[in-house]
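Coordinate inspection notes
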Amino acid sequence: MNCKKCIVLCILLTFGLYMLSAQVSVSPDDDFYSDATGWVLKGYVERLPLIKPYPLNVIRSVLDEVAEKGSETDRLRAEFYLKKYFSHSFRVASATSADVKLKQVDSGGDDDTNEFEADSLFSERLSFFCDRQITPLFGIGADIGAMVRNNDIQPKDALPRFTVNTETNVVRPLKIKSSDVDFILDPNVIATFGTQSLYASFGINKSGYGLFPDDSLILNPSAYQMLNAAFNYSGEHFSYSQLFGLMGASSYTDTDSYSCRKFLSFHSLKIPVPKTNVSVGLYESVVFSNPFMPAYFMPVPYFIIANVAGFNENVLSGIQLEWKPFPCLALSADLLLDDFDAKQVLKLKLNDGGIRAGFKTGFVYSPLESFCDFISLSYTLVTPYAYTKYNTLDDTYNYLDYTNFGQSLGTDLLPDSDRVSMTIQFKPRPNFRLGTITSFIRHANAYESLDDEDVLSLRGQYAADGSINMDTQGISYAADTTDFLKQDNLMYVIQAAVFGEYEFVTARCGRLSLSVQYTFEYIKNDGVDNAIFSGSYETPEAVKADRERWENALHDSYNHYFSLGIKYTY
């Protein structure tokens, strides 16, 4: 059975549970989740589940608590959400979006420096959705969409570097191609059973984890949805969650070919330190394929299971610390470890330790009684080849990298990169928000560090663009050294964005929301994220020629991005 048939069958089975269709209960990037984080910081809500999205009974309980305990501003927001999500069980919507990029080359490369290059992506999405609590213990939600968009460019080519538009980020195999446009099915369905503190869920949906609402090292809310079953317990002394998912493995040779024999298992434990405002979180995630390992259903350390199995899986382990020094503020540090040489690290020879890791630290601040709704500042780094796994078991599909249908499940930052990002969001009214996002990013292509002899050993199909699809290919130098941002050519990216959204609400005519965003971007050494090598090489001269071609194509560019969205819901 191919991947597309497998996914469609799973969707039909999910519909068979209950032929309904939800937004807040299936979309972990909904505005509610950033507000919910702020309400926990302010003390209105004691705790939240570890994995997003939350069940409807949890969402309803959070909103009721804020409506009762919150400030005037927060009460209005909670009442707005209650009316938006719970006044009508069934809704239909039509959404139109346009993303336009204007690029001007400043210096370098072969392009004309006096003209703008334009790329644009247009999409239309029709949806039928609802949020419905059928019994006190059983709830179901879905957002079933059908999208049409032009296919003359890739969606990422109309967006700022290292960003994802969650509205148009849909699973690629569920599409029907034509000459000019793609028709895409976008299913998001989830069913939950249990209480607010103890529940299980099953569905096909996106998932999120961590303090920051827009990014995560381990489960990014903007990543593709996957068929999954999850369990969550939230208690006074500890919280625990576990998720098991079915994903798509990407082909090495055909970008439109996938296999669904790829599995994910994730679990996390969070423990508050008594008599402090500190909590410690431990999490693990493992990607595996053949053989199928039922042992990963058990709540035991995956590292031990992988050790017994011979380390034919991709195991990621992490620790997360959160400290709330005073109300409204939380500081966080999150370390994800993929692989490293413990002996070299203990000797403090970090570059010889082959460290494959991610790190994210920063703070989230949600002021009291202020139209400034949310402030976050974070620093994120990802070392070369983190999240990847050199696949020695299969030469057709990559069953072991930390991707779903070729897209990272973790942060949207590429390996061998770091980023400083600040977000400020204002909500003068519950139905009106605006804000700014500023980022500074550095990125390098780890394959630039390979010498000519290493490149001559490359064979078959491989990625060489510095993305998460680029692994060590078994090369000793790549596997044994860290080389974090030590390459000769670094790409520097400065981004500054302003955004706004307003929702018109009427009792009879439904809701009309308008959203706009403008992003300015300057890139020095644009093109570092293009492939530096391709195919097999027979002579060092051929390697040098491609290396020089890649380096000569680097250029500086100014980019302007315009995004417009219109959505009508009835």
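Residues numbered from 1 in each chain as written. Predicted model: local features only at pLDDT ≥ 70, side-chain atom pairs only at ≥ 80, totals over all residues. Heavy atoms only, no water.

**What about the packing of aromatic side chains?**
Across all of its chains, the model carries 31 aromatic pairs by this definition. Considering the side-chain rings of Tyr33 and Tyr54, the 4.9 Å spacing of their centres and the 70 degrees angle between planes classify their relative orientation as edge-to-face. Here Tyr54 lies in the loop between strand 1 (51-52) and helix 3 (56-69) and Tyr33 lies in helix 2 (residues 31-42), a separation of 21 residues in the sequence. Of the two residues examined, Tyr33 and Tyr54, each falls in the buried class. The interplanar angle of 35 degrees and the centroid separation of 4.4 Å between the aromatic rings of Phe244 and Phe297 together place this pair among those described as tilted. Placement of the pair is Phe244 in strand 11 (residues 239-251) and Phe297 in the loop between strand 13 (278-288) and helix 5 (302-309), with a sequence separation of 53 residues. Overall, Phe297 belongs to the partly exposed group, its relative accessible area being 43%. Through pairs of rings, three or more aromatic residues link up here, namely Phe32, Tyr33, Trp39, Tyr54, Phe80, Tyr81 and Tyr85. Seen from the ring of Phe86, Arg60 lies directly overhead, with NZ or CZ sitting 5.0 Å from the centre. Lying over the aromatic face of Phe212, Lys360 brings its terminal NZ or CZ to 4.9 Å of the ring centre. (Phe/Tyr/Trp six-rings, centres within 6.5 Å; stacked < 30°, edge-to-face > 60°. Helix = DSSP H or I, 4+ residues; strand = E, 2+ residues; numbered from the N terminus. Buried < 20%, exposed > 50% of the residue type's maximum accessible area, 1.4 Å probe, protein only. Lys NZ or Arg CZ within 6 Å of the ring centre and 35° of its normal.)

**Description of the nonpolar core**
One broad trend across soluble globular proteins is that nonpolar side chains are buried collectively. Among the nonpolar cores identified, the biggest contains 49 residues, and Ile218, Leu264, Phe266, Tyr387, Tyr402, Tyr447 and Phe533 are the most heavily contacted of them. Counting only elements with at least two residues in this core, the list comes to strand 10 (226-234), strand 11, strand 12 (258-272), strand 13, helix 7 (452-456), strand 23 (491-506) and helix 9 (540-552). Not counting residues up to four positions away in its chain, the partners in contact with Phe533 are Tyr447, Val455, Tyr462, Ala464, Val543, Asp546 and Arg547. Listed in part, the 21 residues of the second largest apolar core include Val40, Tyr44, Phe80 and Tyr81. (Core = buried A, V, L, I, M, F, W, Y, C linked by side-chain atoms within 4.5 Å. Contact = heavy atoms within 4.5 Å.)

**Focus: the layout of surface pockets**
As a volume, the second largest pocket reaches approximately 970 Å³. Along the wall of the second largest pocket there are 34 residues; nearest its centre are Val40, Glu46, Arg47, Lys270 and Lys324. Contributing elements (two or more residues each) for the lining of the second largest pocket: helix 2, strand 12, strand 13 and strand 14 (314-323). Of the residues contributing to the lining of the second largest pocket, the split by class is 17 nonpolar, 9 polar and 8 charged. (1 Å grid on protein atoms, 1.4 Å probe; cavity = no way out; pocket = protein on both sides within 12 Å on 5 of 7 lines; lining within 4 Å. Points joined across faces, edges and corners; volume = space filled by probe spheres on them. Nonpolar A, V, L, I, M, F, W, Y, C, P; charged D, E, K, R; others polar.)

**Points about the environment of Phe520**
Mapping Phe520 onto the fold places it in strand 24 (residues 510-526). Taking the relative accessible area as the measure of exposure, Phe520 reaches 28% and is therefore partly exposed. Sequence spacing of Phe520 and Pro160 is 360 residues, and the spatial spacing of their C-alpha atoms is 8.6 Å. When residues no more than four places from it in sequence are discounted, the contact partners of Phe520 are Ile494, Gln495, Ala496, Tyr558, Asn559 and His560.

**Quick notes on empty space enclosed by the protein**
Counted as a void, the second largest cavity has a volume near 110 Å³. Taken together, 17 residues make up the lining of the second largest cavity; nearest its centre are Ile51, Pro53, Tyr199, Ser201 and Ala230. For the lining of the second largest cavity, the elements supplying multiple residues, two or more each, are strand 1, strand 7 (189-194), strand 8 (198-205), strand 10 and strand 11. The element that contributes the greatest number of residues to the lining of the second largest cavity is strand 10, accounting for 4 residues. Among the residues making up the lining of the second largest cavity, the classes are represented as 9 nonpolar, 7 polar and 1 charged.

**Side note on a nonpolar patch on the surface**
Together, Phe90, Val92, Phe128, Phe504, Leu512, Leu514, Val516, Leu564, Ile566, Tyr568 and Tyr570 line one region of the surface with nonpolar side chains, adding up to about 960 Å² of accessible area. Where the nonpolar patch is concerned, the elements lending two or more residues are strand 2 (90-108), strand 24 and strand 25 (555-569). On the secondary structure map, Phe128 appears in strand 3 (residues 116-133). (Patch = residues over 30% accessible without salt bridge, like charges linked within 9 Å, V, L, I, M, F, W, Y side chains within 5 Å. Areas by Shrake-Rupley, 256 points an atom, 1.4 Å probe, with all protein chains shown as cover. Salt bridge = Lys/Arg side-chain N within 4 Å of Asp/Glu carboxyl O.)

**Thoughts on the environment of Leu348**
Topologically, Leu348 is positioned in the loop between helix 6 (342-346) and strand 16 (356-365). Measuring from C-alpha to C-alpha, the distance between Leu348 and Ala330 comes to 31 Å, with 18 residues separating the pair along the chain.

**Digging into the pattern of salt bridges**
All chains considered together, the criterion is met by 29 salt bridges. Notably, a salt bridge pairs Arg75 with Glu72, separated by 2.6 Å at the nearest N-O pair. Of the two residues, Arg75 and Glu72 are both situated in helix 4 (residues 72-86); the distance of 3 residues between them amounts to about one turn of the helix. Several salt bridges share partner residues, and in doing so they unite Lys42, Asp74, Arg77 and Asp373 into one network.

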